[in-house]
Amino acid sequence: MRIVIGQGSCGIAAGAEKVRKALLNTNINAESISITGCIGMCYLEPIVDIYDDDNKLTRLVKVSENDAESIARFIESGDKAAVEKLIVSDEDSEFLSKQTRIALRNCGIINPDEIEAYINAGGYTALKKAICELTPEGVIDIIKTSGLAGRGGAGFPTWFKWNAARQSEGEEKYLICNADEGDPGAFMDRAVIESDPHNLIEGMLIGAYAIGAKHAVVYVRAEYPLAIKRLKNAIAQAKDKGIIGENIFGSDFSCDFTIKAGAGAFVCGEETALIESLEGHRGMPRLKPPFPAQSGFWRKPSNINNVETFANVGWIINNGGEAFAAMGTENSKGTKVFAVTGKVKRSGLVEIPMGKTLRDVIFDIGGGMKTDKEFKAVQMGGPSGGCIPADLIDTVIDYKALGATGAIMGSGGMVVMDDRIGTKRMLEMLERITKGEGKEGDIELLEELCYSIKDGALCGLGQTAPNPVLTTIKYFRDEYEAHINDKKCPAGECSDLIEYRIIADKCKGCTLCARNCPVNAISGTVKKPHVINTDKCIKCGKCYTSCKFGAIVKE
Amino acid sequence: MEKKTVDLTLLDGVLNEYADVKGSLITILQNTQDIYGYLPKEAIELISERTGIATSEIMGVGTFYTQFRFEPVGKYLLMLCQGTACHVNSSELILQTIKDELGIDDGQTTEDGLFSLKCVACLGCCSLSPVMMINEDTYGSLTPDKTKKILKELREAAL
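Residues numbered from 1 in each chain as written. Chains lettered and ligands numbered in written order. Predicted model: local features only at pLDDT ≥ 70, side-chain atom pairs only at ≥ 80, totals over all residues.

Q: What am I meant to see in the pairing of strand β1 (residues 2-6) of chain A here?
A: The side chains of a regular strand alternate between both faces of the sheet. Residue and element names in this part refer to chain A. With four of five residues buried, β1 lies mostly within the body of the structure. When β1 meets strand β3 (residues 48-51), the two strands line up antiparallel, connected through four bridges. Looking at β3, one finds that valine 4 is bridged to aspartate 49. Note that β1 and strand β2 (residues 33-36) share four bridges and pair parallel. Its bridge partner being in β2, glycine 6 is matched across the sheet by threonine 36. (Buried ≥ 20, exposed ≤ 12 C-beta atoms within 10 Å, placed from the backbone. Helix = DSSP H or I, 4+ residues; strand = E, 2+ residues; numbered from the N terminus. Pairing = 2+ DSSP bridges.)

Below, the structure written as structure tokens:
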């Protein structure tokens, strides 16, 4: 009997640690209680997995510390009635059963704090095979056959970068992992490091062997303290076992391993800015060429890949490049991990073969919208990406097809939006439009500005920054026009363009709205319909959120 | 908030380990901030002296990265996520609640020195949006009521 509690950052934030402590306070044998990383069903956290002696799984979801005694009774008696209401539904189980997990293969299954758990799951056999049986060129060949492309966003062929770094002259080379996951809505890299840190280490060491690097460096964002802690622990364990260090597996290959924490700058996800930051400078992008493969960290040949890219490498070496290439489409091979969030019913991590559609991810696996509002758009690729509207929901997931919509694959953030528009990342001009101060010609001017930025920016992030604005103009031009011409917000989101009103028929006269109004703009007597004085109203929305009868509308 | 006298001997360990290791400026600044809660002027001068990096360059690096602060912060640092998923799930409402409850704006500290508020980029906990971190702990699925309760509990815990 094993009791495993999902303890990624999300699980802990949802209360998983409280659940673990409560379980330790019951008569359950403390030694049978352990942790795992992110199971990926974030919307059901905290999750407790109970494996019986035949390794048969009973999954309990949305567990609270108050459920500890019921769980203890179930474990003692085997009677499922004690935990009936916590058992995951068949429908929710499909969230995982419909996925194909390669990069995430151990996530939510093994204990991230124990190297033995990773080794028992077949870990470090790929590294041994690479070092002891393959030449560096042989490794690069397998990666070439697999068709693996950079999962950080650009989708550049991994073998090509490795080969360029391998061919580059120089004794001292660096293999770097970009774990500066900054795209809003993306958290797969955090999940991999928190849940399966040895998988990252193994992928990086194979990469280091392939390019001829003796130094491996991970750059992790400072906002991920748990990932940093678990990775540091994993590095120490691998050093103890001789997997990191001199003459790994008795070969001539030696490699050290360091970890550096970022300090909060989105641009450091760009590889030359990341190198500047690693050297202790401001994260300013360098002019290219020379490319990092020729002159990177400390001006030595360097290769940089993203966490998810490395997380696939061990599997590919063990299963062959062909097995990986058998999944996906003509121009995009293998699987991709998506972080599905926003207004979707089932949010979490989804790994599927390329070639599935956005509908498969958002509706079939994600369960569709969580409210009764309609699906409007999905934001992909973070600030460099764009919004893909409802009529393109059957777009196939591959680099080319997504690129054709004006968005990009990006690192895999998918923020699902319901029938309204996110104006957050837009420029001052957009703010003016949302305040009803827009004028004719603003849309054209905005487009022109976007294209100048695209042409003039030094780094890839700058070049793609206007994408969210351009795609929303492309697909929701009518809403921009409504803001400018009619001074109306069709989505009811721009506070300067909306008004709050009480529907007299629905108002019970409970006075709650009047008591919550900070400017005393609501009048009326008890049990009689109330009225909002729109001249006084500051549109803070407090009445709207406090009304228990749905009697207040914004329009 | 009143600044306390800065005990520079606390930096000995960090500087002995990293002052001569090239490329370590950001690591040194992170450790310094862990010790004092911010980057005191006196500490920056000492770091400059020991590493040979000009104070202007240290300030250049320090101001470039959002993690670094040059003023002390409250006992509880509220980092409210402004990522896309949180925005879509009404983080604006949480921001307003915090402002109303504490009477401070983004970047400010309450007069009693208990709370500081900082709006930050995506924290990567998107499935629990809206989300904030308070010191090292993450709080998810926030509502105005839940936010008020968290602030109340922290205030009581500090008394």
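Q: What exactly am I supposed to notice about the environment of glutamate 322 of chain A here?
A: All names here are of chain A. Mapped onto the elements of the fold, glutamate 322 is located in helix α14 (residues 321-325). Among the residues examined, glutamate 322 registers 12 C-beta atoms within 10 Å and is labelled exposed. Residues glutamate 322 and leucine 349, 27 residues apart in the sequence, show an inter-C-alpha distance of 25 Å.

Q: What am I meant to see in the environment of threonine 471 of chain A here?
A: Locating threonine 471 of chain A in the fold gives a position in helix α20 (residues 467-485). Separated by 25 residues in the primary sequence, threonine 471 of chain A and leucine 446 of chain A place their C-alpha atoms 12 Å from one another.

Q: Would you mind showing me how to read the nonpolar core here?
A: The nonpolar side chains of a soluble globular protein tend to be buried with one another. Residue and element names in this part refer to chain A. Counting 177 residues, the largest nonpolar core has Val192, Ile206, Val220 and Val378 as the members making the most contacts within it. If we ignore the near neighbours within four places in the chain, the residues touching valine 192 are Ala103, Leu104, Cys107, Asn199, Leu200, Val307, Glu308 and Ala311. Within the second largest apolar cluster, twelve residues are counted, among which are Cys513, Ala514, Cys517 and Ala551. (Core = buried A, V, L, I, M, F, W, Y, C linked by C-beta atoms within 7 Å. Contact = placed C-beta atoms within 7 Å.)

Q: Sorry if this is basic, but what is going on with the sheet that holds strand β6 (residues 215-220) of chain A here?
A: Each strand in a sheet pairs with its neighbour through backbone hydrogen bonds, running either in the same direction (parallel) or in the opposite one (antiparallel). Residues and elements named next belong to chain A. Taken in spatial order, the four strands make up an open sheet running β7-β6-β5-β8, and their pairing is parallel. Every other strand in the sheet has two partners, leaving β7 (256-261) and β8 (302-306) as the edge strands with one partner each. Neighbour to neighbour, the strand axes of the sheet diverge by 20° on average, direction disregarded. Sheet topology places strand β5 (residues 174-179) next to β8; five bridges connect them, and they run parallel. Bridging from a neighbouring strand, asparagine 178 pairs with asparagine 306 of β8. On top of the sheet, helix α10 (residues 197-211) reaches β5, β6, β7 and β8; it is set at about 145° to β5, its chief contact. (Axes fitted to C-alpha atoms, helices over the stretch in contact; angles between N-to-C directions.)

Q: Would you mind showing me how to read the interface of chain B and chain A here?
A: Contacts between the two partners involve 33 residues from chain B, matched on the other side by 43 residues from chain A. Among the secondary structure elements, those contributing two or more residues to the side of chain B that touches chain A are α2 (25-36), α4 (55-64), α5 (84-88) and β4 (137-139) of chain B. Taken together, the residues of the side of chain B that touches chain A break down into 16 nonpolar, 16 polar and one charged. (Nonpolar A, V, L, I, M, F, W, Y, C, P; charged D, E, K, R; others polar.)

Q: I keep staring at the domain arrangement of chain A and nothing clicks. Help me out?
A: As a measure of interface size, the accessible area lost when the parts come together is often cited. Split into domains, chain A comes out as domain 1 (2-97), domain 2 (115-325), domain 3 (335-418), domain 4 (428-485) and domain 5 (499-554). A C-alpha centroid distance of 44 Å is found between domain 1 of chain A and domain 5 of chain A. (Domains from an automatic or database assignment.)

Q: When you look at the domain arrangement of chain B in this model, what are you seeing that I'm missing?
A: Parsing chain B into structural domains produces domain 1 (8-64) and domain 2 (76-158). Using C-alpha coordinates to define each centre, domain 1 of chain B is positioned 29 Å away from domain 2 of chain B.

Q: Please clarify how the sheet that holds strand β10 (residues 348-353) of chain A should be interpreted in this entry.
A: All names here are of chain A. Judged by pairing direction, the sheet is mixed, and its five strands sit side by side in the order β10-β9-β13-β11-β12 without closing on themselves. Edge positions in the sheet fall to β10 and β12 (386-389), since each has one partner strand and no second. Taken over all neighbouring pairs, the strand axes of this sheet differ in orientation by 30° on average, direction set aside. Here six bridges tie strand β9 (residues 335-342) to β10, and the two strands are oriented antiparallel to one another. Bridge pairing in β10 places valine 337 opposite glutamate 351.

Q: Would you mind showing me how to read α10 of chain A here?
A: Because each turn of an α-helix spans 3.6 residues, side chains separated by three or four positions end up pointing in the same direction. Residues and elements named next belong to chain A. Between its first and last C-alpha, α10 extends 21 Å over 15 residues, near the 21 Å set by a 1.5 Å rise per residue. Within α10, 15 of the 15 residues are buried, which leaves it mostly tucked inside the rest of the structure. Two residues or fewer after α10 comes glycine 212, characterised by a positive phi angle close to 85°. (Expected span 1.5 Å × (residues − 1).)

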